[in-house]
Amino acid sequence: MNIRKLLFSLLALPVCFGAFAQKYDNIAKTPQMGWNSWNKFNCNINEQLVRETADTMVELGLVDAGYIYLNMDDCWHGERDSLGFITENKEKFPSGLKSLSDYLHSKGLKFGIYSDAGRKTCAGFPGSFGHEYQDAIRYAQWGVDYLKYDWCAAKDINPKGAYALMRDALKSAGRPVLFSMCEWGSNQPWLWAENVGHSWRTTGDICASFAEDMVYDGWKALSVLSILDMQVELRQYAGPGHWNDPDMLEVGNGMSVSEDRAHFTMWCMLAAPLLLGNDLTNMTKETLEIITNREVIAIDQDTLGVQGLKFKDDGAVEYWFKPLAGGQWAFCILNRSNEEVTLSINWKEFNFTDELSGLSTAFDKVLYDYKDLWNSKNVGNTRSNISVTIGGHDVSVYRLTPNNSKKSKK
Ligand code: GLA
């Protein structure tokens, strides 16, 4: 081999190994919002459910509030055809997924689908292993905008390679797709997937339980608080276009109203993807109020894109901050206990600099106006201490805005 050929081969190597491959950018600059079928419906999905859910998302203002993805999870699949292309289950989806996708797009929604990097999905349907490019082409033909990519039946498959392969397949198919990685944090994707997925699950599956994990045959579903605790050390890895995903929401699936409110608020403090997981066609007024609280959603969707931090805890009471654009902060108090607590908040005890964002609360120098986001009548400023009462398994969350007209002298 002459020297020119050798140089050319060396230069070509990174191309062959995908070193220059990119995921789609300009997707998920703020955490994705939508609905997913799994938490409530498991495998019981069909065309009628998807269409009714879409109609409801428009009618109830959920699309306006930002929930634009309608994602079908596992169990939509039929067989692979004679060429190896995946088909939909024709009994469940008689009009076909292209027509369903057209319907969702006509309603202003985006269409999400589910597959698995392994040989089978977690419910036993065909996985994408060995068919990645075919699947990506088929999804593009169907008008798919979002892919959740799971990790069952993946023995001896290299996770970094498997997820990068599907990223490249989606890119080659030419239709922008939000790539939602779901390998449950098993391979620490936060360390390597910033340029692979737009989000990655950080844990095993959630369940509709606030404080107690549920143990099933051979596996454990995690409570809201268990999952929350597992996010604390991961904040440095999240940011615009690449989010930690603490799993989909269980609001409206059987927890108490205060637990639902606390769950939703903490997911917003975490800058988590907000994927509703309840039956939207049949929910209570309280559930609707929680999921459409625009001021709480705005904490999640803040353009600074910094995951919140746990500043301190006093046993069952935790104090969380999230830096927001424009020098603002979200401040949240979480009561993990079953008992109501009354607390005195001395703002100056919360002076700190967040090393990740470089931003300081500087309560000794900056006067903030605050607004309680679940009780909009509760407004004031940080000149004086406040007393807060929080019920069991509940939160108080505030937006703090620098009051530029009256700089505090103290
Ligand atoms: C895994 C995922 C869940 C869901 C199911 C579907 O358990 O973590 O979110 O997608 O598979 O089978």
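This report concerns the structure included in the present document. As a convention, each chain's residues are numbered from 1 in the sequence order in which they are written. Two thresholds apply to this predicted model, a pLDDT of at least 70 for residue-level local features and 80 or more for giving and counting side-chain atom pairs, whereas whole-chain, interface and lining totals are computed over all residues. Side-chain measures were taken over the full set of non-hydrogen atoms in the model, leaving aside hydrogen atoms and water.

### Considerations on the overall build of the protein chain
- For the protein chain, the count of helices and strands is 10 helices and 22 strands.
- For 410 residues, the compact-globule estimate of 2.2 N^0.38 gives 22 Å, and the protein chain sits close to it at 23 Å.
- Partly exposed residues are those whose accessible area sits between 20% and 50% of the maximum for their type, while under 20% is buried and over 50% is exposed, using a 1.4 Å probe and protein chains only. The 410 residues of the protein chain split such that 55% are buried.
- We call two residues contacting when some pair of their heavy atoms lies within 4.5 Å. Nonlocal contacts in the protein chain, meaning residues at least 24 apart in sequence, comprise 69% of its contacts between residues at least 6 apart.
- Calculation of accessible area relied on Shrake-Rupley with a 1.4 Å probe; when residues are assessed, cover is drawn exclusively from the protein chains displayed. Total accessible area on the protein chain is roughly 17,600 Å²; 51% of this is exposed by carbon and sulfur atoms. What counts as a helix is a DSSP run of H or I of at least four residues, what counts as a strand is a run of E of at least two, and both are numbered from the N terminus. C-alpha atoms define the radius of gyration, and 2.2 Å times the number of residues to the power 0.38 defines the globule rule.

### Things to note about helix H6 (residues 159-173)
- Here a helix's expected span is defined as the number of its residues, less one, multiplied by 1.5 Å. Here H6 contains 15 residues, and its C-alpha end-to-end distance of 21 Å stays within 8% of the 21 Å for a straight helix at 1.5 Å per residue.
- If you check which residues of H6 are buried, you get Pro159, Ala162, Tyr163, Ala164, Met166, Arg167, Asp168, Ala169 and Leu170.
- The secondary structure elements touched by the buried residues of H6 are helix H5 (132-142), strand E6 (146-150) and strand E7 (178-181).
- Its side-chain oxygen 2.9 Å from the backbone nitrogen of Lys160, Asn158 forms the N-cap of H6.
- Taken from the residues just after H6, Gly174 is the one with a positive phi, measuring 90°. Under this definition, polar contacts are N or O atom pairs within 3.5 Å; protein pairs additionally need one hydrogen-donor-capable and one acceptor-capable atom, and for neighbouring residues in sequence, both atoms have to be side-chain atoms.

### Brief notes about the environment of Pro189
- Examined against the element boundaries, Pro189 turns out to sit in the loop between E7 and strand E8 (199-201).
- Residues Pro189 and Arg201, spaced 12 residues apart in sequence, show a C-alpha to C-alpha distance of 8.3 Å.

### Considerations on the environment of Pro323
- Mapped onto the elements of the fold, Pro323 is located in strand E14 (residues 317-323).
- Assessed through its relative accessible area of 0%, Pro323 is described here as buried.
- The spatial distance from the C-alpha of Pro323 to the C-alpha of Gly305 is 8.7 Å, given a sequence separation of 18 residues.
- Among residues more than four places away in sequence, those in contact with Pro323 are Arg235, Asp302, Leu304, Val306, Gln328, Trp329, Asp354, Ser357 and Leu359.

### Comments concerning empty space enclosed by the protein
- For each structure, a 1 Å grid was placed over the protein atoms alone; sets of points admitting a 1.4 Å probe that cannot get out are labelled cavities, open sets with protein on both sides within 12 Å along at least five of seven lines are labelled pockets, and lining residues have an atom within 4 Å of a point. Grid points are joined across faces, edges and corners, and a volume is the space filled by probe spheres set on the points. Across all of its chains, the model carries 2 cavities of 30 Å³ or more by this definition.
- In terms of lining, the largest cavity is formed by Asn36, Asn71, Tyr146, Lys148, Ser180, Met181, Cys182, Arg201, Asp245, Asp247, Met248 and Leu275.
- Secondary-structure elements contributing two or more residues to the lining of the largest cavity are E6 and E7.
- Residue classes in the lining of the largest cavity are distributed as 5 nonpolar, 3 polar and 4 charged.
- Lining the second largest cavity are Gln22, Lys23, Tyr24, Arg167, Leu170, Lys171, Val177, Phe179, Val196 and His198.
- Residues are grouped as follows: Ala, Val, Leu, Ile, Met, Phe, Trp, Tyr, Cys and Pro are nonpolar; Asp, Glu, Lys and Arg are charged; every other residue, Gly included, is polar. In terms of residue class, the lining of the second largest cavity is made up of 5 nonpolar, 2 polar and 3 charged.

### Examining the layout of surface pockets
- Of the volumes computed, that of the largest pocket is approximately 540 Å³.
- If you go around the largest pocket, you meet 28 residues; those closest to its centre are Trp38, Asn39, Asp205, Ile206 and Trp219.
- Where the lining of the largest pocket is concerned, the elements lending two or more residues are helix H2 (38-41), E6, strand E9 (214-216) and strand E10 (219-221).
- With 3 residues, the single largest contributor to the lining of the largest pocket is H2.
- Broken down by class, the residue content of the lining of the largest pocket amounts to 15 nonpolar, 4 polar and 9 charged.
- Within this model, the second largest pocket holds a volume of roughly 160 Å³.
- Contributing to the lining of the second largest pocket are 15 residues, with Gly252, Asn253, Met283, Thr284 and Thr287 lying nearest its centre.
- Among the secondary structure elements, those contributing two or more residues to the lining of the second largest pocket are helix H8 (257-269) and helix H9 (285-291).
- It is H9 that provides the largest number of residues to the lining of the second largest pocket, a total of 3 residues.
- For the lining of the second largest pocket, the residue count by class is 4 nonpolar, 7 polar and 4 charged.

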